[in-house]
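Topology and contacts: notes
Residues per chain, in single letters:
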Amino acid sequence: MGVFEKLSQRRARMQKKRILEKKKLSAHDEKKILSRKLTWHYVLLGMLFFVTTFYLLLISLQPVQYQLRAGQIAPENITSPRMIIDTHTTENLRREAAEEITSVYRTDSAVFNEVKNDIEKFFEKLYQVKQEEEALREQLNQMEDNHLGITDVHLQAFLQAPEERLNSVENYLYEIAAQGMNSGIKVAELQEEKSEIRDFFNSLTELDEPLKESAIAVINATIRPNQFMDVESTEQLREEAREAITPVVIRRGDILAEQGERISVDTFVIMKELGLIESEFRPDARLYSGISSVILLIMAIMTGYIWLFHPEYFYKTKRILLLVIIMLLVLISAKPIGVLTIYLIPIATGAMLLTLLLEARLALIANAVLSILIAIMAGNDLMILVMGLTGGTVAVLSMINTKQRGKIFFSGLMVGISNVIIITSFGLIGNHQTLHVLQDAGMGLFNGILCAILAIGTLPFWEYSFSILTSVKLIELSNPSHPLLKQLLMEAPGTYHHSIVVGNLAEAAVNEIGGDGLLVRVGAFYHDIGKVKRPYFFKENQFTSENPHDKLAPSLSALIITGHVKDGIEIGEKNKLPNEILAFIKEHHGTTLAAYFYHKAQSECEDPKTIDEMMYRYPGPIPQTRETAILMLADSAEAAVRSLESPNRDKIEQVIKKIIQSKLEDGQLEDSQLTLTELKDIRQVFAKMLAGIMHERIKYPEMDIKELKGRK
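Per chain, residues are indexed from 1 in the order of the written sequence. Reporting of local features is limited, given that this is a predicted model, to residues whose pLDDT is at least 70; pairs of side-chain atoms are given and counted only at 80 or more, and all residues count toward the totals for whole chains, interfaces and linings. As a rule here, side-chain values cover all heavy atoms of the structure and leave hydrogens and water aside.

1. Considerations on the packing of helix 23 (residues 579–587) against helix 25 (residues 626–642)
Convention followed: To get an axis, a line is fitted to the C-alpha atoms, and for a helix only the part in contact is used. The angle between two axes follows their N-to-C directions and goes from 0 to 180 degrees. In this description a helix means any DSSP run of H or I spanning at least four residues, a strand means any run of E spanning at least two, and both kinds are numbered starting from the N terminus. Relative orientations are named as follows: roughly parallel for angles under 35 degrees, roughly antiparallel for angles over 145 degrees, roughly perpendicular for angles from 65 to 115 degrees, and oblique for any other angle. In this scheme, a crossing is called left-handed if the near helix is turned counterclockwise away from the far one by less than a right angle; it is called right-handed if the turn is clockwise. Contacts were defined at the residue level, with two residues in contact if any of their heavy atoms lie within 4.5 Å. Under the grouping applied here, Gly and all other residues not named as nonpolar or charged are polar, the nonpolar ones being Ala, Val, Leu, Ile, Met, Phe, Trp, Tyr, Cys and Pro and the charged ones Asp, Glu, Lys and Arg.
In the contact formed by helix 23 and helix 25, the axes pass within 9 Å of each other and the chain directions differ by 40°. One element, helix 23, and the other, helix 25, form an angle in the oblique class. For the pair helix 23 and helix 25, the sense of crossing is right-handed. Packed against helix 23, whose contacting residues are A583, F584 and E587, the element helix 25 presents E627, T628, L631 and M632 at the interface. In terms of residue class, the contact of helix 23 with helix 25 is made up of four nonpolar, one polar and two charged.

2. Description of the pattern of salt bridges
For clarity, the cut-off: Salt bridges are defined as contacts in which a side-chain nitrogen from Lys or Arg sits within 4 Å of a carboxyl oxygen from Asp or Glu.
Using the criterion set out here, one finds 18 salt bridges in the structure. One salt bridge connects E570 with K533, and the closest N-O pair in it is separated by 3.4 Å. In this pair, E570 is assigned in helix 22 (residues 554–574) and K533 in the loop between helix 21 (517–526) and helix 22, connecting sequence segments 37 residues apart. Each of K533, R534, D567 and E570 takes part in salt bridges that share partners, so that together they form one network.

3. Quick word on helix 26 (residues 649–665)
Spelled out, the test is: Here the expected length of a helix is defined as 1.5 Å per residue gap, with one fewer gap than residues. Exposure classes here rest on a 1.4 Å probe applied to the protein chains alone. A residue is buried below 20% of its type maximum, exposed above 50%, and partly exposed in between. Think of it as the arc spanned by the lines of direction from the helix axis to the C-beta atoms. Any pair of N or O atoms that falls within 3.5 Å is considered a polar contact. Within protein, one atom must be able to donate a hydrogen and the other to accept it, and sequence-neighbouring residues count only if both atoms are side-chain atoms.
The first and last C-alpha atoms of helix 26 sit 24 Å apart over 17 residues, in line with the 24 Å expected at 1.5 Å per residue. If you check which residues of helix 26 are buried, you get I652, V655, I656, I659, I660 and K663. Down the axis of helix 26, the sector holding all buried residues measures 130°, keeping them to one side. What points out from helix 26, more than 90 degrees from its buried face, is the exposed set D650, Q654, K658 and E665. Looking at where helix 26 begins, the residue whose side-chain oxygen comes 3.2 Å from the main-chain nitrogen of D650 is N648. Of the residues flanking the end of helix 26, it is G667, one or two places downstream, whose phi is positive at about 75°.

4. Here's the deal with the domain arrangement of the chain
The condition is simple: Segmentation of the chain into domains, including their bounds, is taken from an automatic or database domain assignment.
By the assigned domains, the chain splits into domain 1 (52–57 + 285–468), domain 2 (105–229) and domain 3 (489–694). Look at where the C-alpha atoms of domain 1 and domain 2 centre, and you get two points 94 Å apart.

5. Some remarks on the confidence of the model for the chain
So the rule is basically this: Summary of the metric used: pLDDT quantifies the predictor's per-residue confidence within the range 0 to 100.
In this model, the chain carries a mean pLDDT of 83, and residues with pLDDT of at least 70 account for 91%. Confidence over residues 1–13 falls short of pLDDT 50; this stretch has two contacts with residues more than four positions distant or in other chains. Here residues 16–28 scores under 50 on pLDDT; set against residues more than four positions off or in separate chains, the count is zero contacts.

6. Some points on the UniProt feature "transmembrane region" (unreviewed entry) in the chain
What counts here: UniProt positions are given in the numbering used here, feature names are shortened, and annotations may be inferred rather than shown by experiment.
As recorded in UniProt, the sites labelled "transmembrane region" (unreviewed entry) are residues 40–59, 287–308, 320–345, 352–376, 382–401, 408–429 and 441–462. For residues 408–429, the end-to-end C-alpha separation is 32 Å, with 100% helix and 0% strand making up the annotated structure.

7. Here we look at helix 7 (residues 190–202)
Helix length check: helix 7 (13 residues) gives 18 Å between terminal C-alpha atoms against 18 Å at 1.5 Å per residue, within 8%. In the core, the buried residues of helix 7 are packed alongside helix 6 (163–183) and helix 8 (209–222).

8. Overview of the environment of L593
You can see L593 is positioned in the loop between helix 23 and helix 24 (595–604). Considered as a pair, L593 and I263 are 330 residues apart in the sequence and their alpha carbons are 91 Å apart. Excluding its chain neighbours within four sequence positions, the residues that come into contact with L593 are Y598, E613, Y616 and R617.

9. A closer look at unusual backbone geometry
Most peptide bonds take the trans configuration, and most residues that are not glycine carry a negative phi. Here the amide bond leading from G620 into P621 is cis, since omega sits at 5°, within 30 degrees of zero. With respect to the helices, strands and loops of the structure, P621 is situated in the loop between helix 24 and helix 25. The backbone phi angle of S467 is positive, close to 50°, even though this residue is not glycine. Considering the arrangement of structural elements, one finds S467 in the loop between helix 17 (434–465) and helix 18 (471–477).

10. Quick notes on the side chain of H498
Its place among the elements puts H498 in helix 20 (residues 493–513). A residue is classified by how much of its surface remains accessible, and H498, at 7% relative accessible area, is buried. When near neighbours in sequence (up to four residues on either side) are disregarded, H498 contacts H527, D528, D635 and E638.

11. Comments concerning the packing of helix 6 against helix 8
Orientation of helix 6 relative to helix 8, taken along the N-to-C sense of each, is 40°, at an axis distance of 11 Å. The angle between helix 6 and helix 8 places the two elements in the oblique class. Of the two possible hands of crossing, helix 6 and helix 8 adopt the one that is right-handed. Contacts between helix 6 and helix 8 involve R165, V169, L173, I176 and A177 from the first element and L211, A215, V218 and I219 from the second. Of the residues belonging to the contact of helix 6 with helix 8, the class tally is eight nonpolar, no polar and one charged.

12. As for the packing of aromatic side chains
Rule in force here: Each Phe, Tyr or Trp ring (for Trp, its six-membered ring) is paired with any other whose centre lies within 6.5 Å, and the angle between the two planes then decides the class: stacked below 30 degrees, edge-to-face above 60, tilted in between.
A complete count under the given rule lists 14 aromatic pairs for this structure. A centroid spacing of 5.7 Å and a plane angle of 85° characterise the contact between Y42 and F314, whose relative ring orientation is edge-to-face. One end of the pair, Y42, is in helix 1 (residues 3–61); the other, F314, is in the loop between helix 11 (285–309) and helix 12 (317–340), and 272 residues separate them in sequence. The burial state of Y42 is the same as that of F314; both residues are buried. A centroid spacing of 4.9 Å and a plane angle of 35° characterise the contact between Y305 and F309, whose relative ring orientation is tilted. Of this pair, Y305 and F309 both sit in helix 11, four residues apart, which is roughly one turn of the helix. Linked through ring pairs, Y42, W307 and F314 together constitute an aromatic cluster.

Given below as structure tokens:
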């Protein structure tokens, strides 16, 4: 190899490397742009879900407002929308409890000693003056400055009285003071106590009237209150009495004012606090923050679940949009239907549709979210929450692997039975009236049937609008009475039979490695649908020895043969086949070479190098999934084995191995994600099934029917 040739090759390699790097950079930029677009899409979807759900919860939880004033008549029974403490009534009860507490008094023992000392001091001086035997006037002058302030009239009576009478009066005074002070005398009771003392002295017969009045004057001058209110202890007891009063709670649903009742001032104040008065409306920050917190938590949980278990959904905006729309529609329907009866809210419809359209586990999460939100909308109704959770779970479990629309109705019936059990159980626990329980249970049963009807009726819309292929749709497409399959059978019977055999081969292989067997079988039924345009140009439909390709140029024959892919796509799109089925039509040949016509062209051409290989290759793309790759292998294996003379197990295995190896070397399986272990399993399944299909048959001897009849 010369220097120039080496430089030329090196230049070509460098150029190829730059092209690849440019493609990688371009792909990276495209991915970044796509990521930005998807981010905005999900932001908008998140805002749509948040705003709609927030509004639905708000109008459900926000109370009805009235244009009323105190003194007006209630137009209907006005109930409390939430729990609130009746502060006015509570405060009145606390005030009454505090007023019922009697004041605490403490007795001052020193007061009695002071009273006793005053009496003793007075009589000591009186006895002293009386013993001096002076003139009465002189005695009065000496007693005039007594500390009790007793007047001359009463002093004269004491001075003129015999000493034994004075001793008797003194004893009476001590006894009365001791008795009154021991029982305690309050400030408010002092006058009453003095009146009782006066009555006591007036009842005495051994004392004359002047002496009685003098004794009363002394006791009135000395006796005084000895019980005083303990303010601190009294206030403590009153505070304890206030705290002992339980706050009066108005619970949700309690009647504030009955229809026709006049609104009192207290009721009007409570209605203002609850936001029931229209002109007094104030934004309820607690309600808004509570609703927002619930919705954001739910969105975070669902986002986290999808991120962990279905990250591919983040590149499929339609799937997330479908999830959001179905959930919102269920929530929106809950509001008007709940006005009639909460037992008809079709929560399980969302679970049914999401199980069929997306995935069972995601359907369970969505159903739990819907049950919680609708229970909140219904006023934190526990029974709705339990009924929604159990009904939705029953729907999901009974819908797994559903392949017929009739099973959806069965699932709805199971949901209805579940609802009946839950409603009856709550009725028994709550000791509700039997008639009401039976009516509600009937609604619950109808709810399940309604959910099935809604799921069956709307499923085609979701399938078509979001291009989702469900197992139910696949079963319908596999029905031999489908127009395209009937056309294939009538116009290209050989191709139809080939498609059936290839479908069985591919389904068995996919099931062996854990793929979607139903999808690959249905894809196989339609993969050669393009051959109905020119059926006799394909060997399996040629029932005579004449081959039209013998009269055509190899390039034209190759164009016809490879063109059945393009024709199949056109027919499939015209008949609205799902994209997943169209992928089998596009990819079942990949970019393989129509080798027979390519070699024929080379043999007929003087310079084989002038033949453009790309003209003899299928348009592709190469298989992008395991299912389409397995269909490619099954298609090639069935055709190759059918061409064998005297096929046996060994020959079949060798042919299949050669086909798989050739597809690998040609790069047809690069994007299929099939592993070498899986290819080995696929080869064994193909060999086993094709050996059974191509087995040798016993050659029956010819018999003369007439001769057999003659022997009878």
